[in-house]
Amino acid sequence: MRLFPIALDLNGRRALVLGGEGEAPHAVERLLSAGARVAVVTPGPVDASIERACREDLVELHRRSFVDDDLAGAAIVFLAPGDDALSRRLHRELTDAGRLVCTLDRPEVSNFVNPSVVAASGLTMSFSSHGVSPGTIRRIREDLSALFADPRFARYIAALRRLRESLPRGPERAARMRQATVGFGIEAKLRFPAWLERGDEP
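Residues numbered from 1 in each chain as written. Predicted model: local features only at pLDDT ≥ 70, side-chain atom pairs only at ≥ 80, totals over all residues. Heavy atoms only, no water.

(A) Geometry of the packing of aromatic side chains. Within this structure, the stated rule accounts for five aromatic pairs. With a centroid separation of 5.6 Å and 80 degrees between ring planes, the pair formed by Phe78 and Phe112 is classed as edge-to-face. Of this pair, Phe78 sits in strand β4 (residues 74-79) while Phe112 is found in the loop between β5 (100-103) and β6 (116-120), placing the two residues 34 residues apart along the sequence. Exposure class is identical for Phe78 and Phe112. Each is buried. (Phe/Tyr/Trp six-rings, centres within 6.5 Å; stacked < 30°, edge-to-face > 60°. Helix = DSSP H or I, 4+ residues; strand = E, 2+ residues; numbered from the N terminus. Buried < 20%, exposed > 50% of the residue type's maximum accessible area, 1.4 Å probe, protein only.)

So this is what it looks like as structure tokens:
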């Protein structure tokens, strides 16, 4: 699948999530962080995080099966996997209509992928294996989240923000910002499963 990476402005826009468990709560969390108005529709169990967001009036929760009217005004639609017929139908219909739809962890019935995201101190990084291995992407997200949780990184970004805001736009600001990053870097080491090191198949 060839993809064109973008970041969407969903602030104040309606987002629909069909499902209340699995990866759905993570999608809800990310949508809320982007400022979206989130509606969750599910006849099944609901994760505690969604329940809590509903009590805080952050999420509109409908405990029932999906109906087509739920799509009205939705800028983006996420589906939890499980109902293959619904995933195929909404993928076909919304794609034909030029609208965004993603069945979580099912790229074949999505017209965009839902990359894993690390957000730390104003830095946002996204990762995707194009559906090949969500587990690997989850580990990358967890490891990088731990790495950038270092409080020194937050102080570093805050200092750069203050510097940038104190200088007028132009060559001097660009030069000062470049100079301020001298010495920053990441030291990393990859680990692999034993089967790969042996040259075996998983």
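(B) Looking closely at the nonpolar core. In this structure, Val17, Leu31, Val38, Val40 and Phe78 are the most contacted members of the largest nonpolar core, which totals 21 residues. Going through the elements one at a time, β1 (14-18), α1 (24-33), β2 (37-41), α2 (48-55), β3 (59-62) and β4 are the ones with two or more residues in this core. In terms of residue count, the dominant contributor to this core is α1 (four residues). The contacts of Phe78, once residues within four sequence positions are left out, are Leu16, Val17, Leu18, Ala27, Leu31, Cys102, Leu104, Phe112 and Asn114. If you look at the next biggest cluster of nonpolar residues, it comprises 13 residues, including Leu16, Leu79, Leu90 and Leu94. (Core = buried A, V, L, I, M, F, W, Y, C linked by side-chain atoms within 4.5 Å. Contact = heavy atoms within 4.5 Å.)

(C) Broad picture of the sheet that holds β1. Taken together, the five strands give an open sheet; going across it, the order is β3-β2-β1-β4-β5, and neighbouring strands pair in parallel fashion. In this open sheet, the two edge strands, each paired with only one partner strand, are β3 and β5. Mean inter-strand twist for the sheet, computed between neighbouring axes without regard to direction, equals 15 degrees. Examined bridge by bridge, β1 and β2 share five bridges and lie parallel to one another. The residue bridging Val17 from the neighbouring strand is Val40, located in β2. The strands that helix α3 (residues 84-96) touches are β1, β4 and β5; relative to β5, the one it contacts most, it runs at about 160 degrees. (Pairing = 2+ DSSP bridges. Axes fitted to C-alpha atoms, helices over the stretch in contact; angles between N-to-C directions.)

(D) Structural view of the pairing of β5. The pairing of β4 with β5 spans four bridges and is classified as parallel. Counted as the bridge partner of Phe78 is Cys102 from β5. Handedness of the crossover joining β4 and β5 through α3 is recorded here as right-handed. (Right-handed = clockwise from strand over helix to strand, strands pointing away.)

(E) Structural detail: the packing of helix α5 (residues 151-166) against helix α6 (residues 171-180). Where α5 meets α6, the closest approach of the two axes is 10 Å, and the angle between their N-to-C directions is 165 degrees. When the axes of α5 and α6 are compared, the pair comes out roughly antiparallel. Taken as a pair, α5 and α6 cross one another with a handedness that is right-handed. Counted together, Tyr156, Leu160, Leu163 and Arg164 of α5 and Arg173, Arg176, Met177 and Ala180 of α6 form the full contact between these two elements. The residue makeup of the contact of α5 with α6, split by class, is five nonpolar, no polar and three charged. (Parallel < 35°, antiparallel > 145°, perpendicular 65-115°, else oblique. Left-handed = near helix turned anticlockwise from the far one by under 90°. Nonpolar A, V, L, I, M, F, W, Y, C, P; charged D, E, K, R; others polar.)

(F) Structural context of the pattern of salt bridges. Per the stated rule, a full pass over the model turns up ten salt bridges. Here Glu51 makes a salt bridge to Arg63, at a shortest N to O gap of 2.6 Å. Of this pair, Glu51 sits in helix α2 while Arg63 sits in the loop between β3 and β4; the two residues are twelve residues apart in sequence, bridging distant segments of the chain. When the shortest N-O distance is used, the salt bridge between Asp84 and Arg106 registers 2.8 Å. Note that Asp84 is positioned in helix α3 and Arg106 in the loop between β5 and β6, a separation of 22 residues in sequence. Through salt bridges with shared partners, a single ionic network connects Asp68, Arg89 and Glu93. (Salt bridge = Lys/Arg side-chain N within 4 Å of Asp/Glu carboxyl O.)

(G) Local environment of the environment of Ser116. Within the fold, Ser116 resides in strand β6. The class of Ser116 is buried, set by a relative accessible area of 7%. A C-alpha to C-alpha distance of 19 Å links Ser116 and Gly19, two positions 97 residues apart in sequence. Discounting residues that sit within four places of it in the chain, Ser116 has contacts with Met125, Ser126, Phe127, Ile137 and Arg141.

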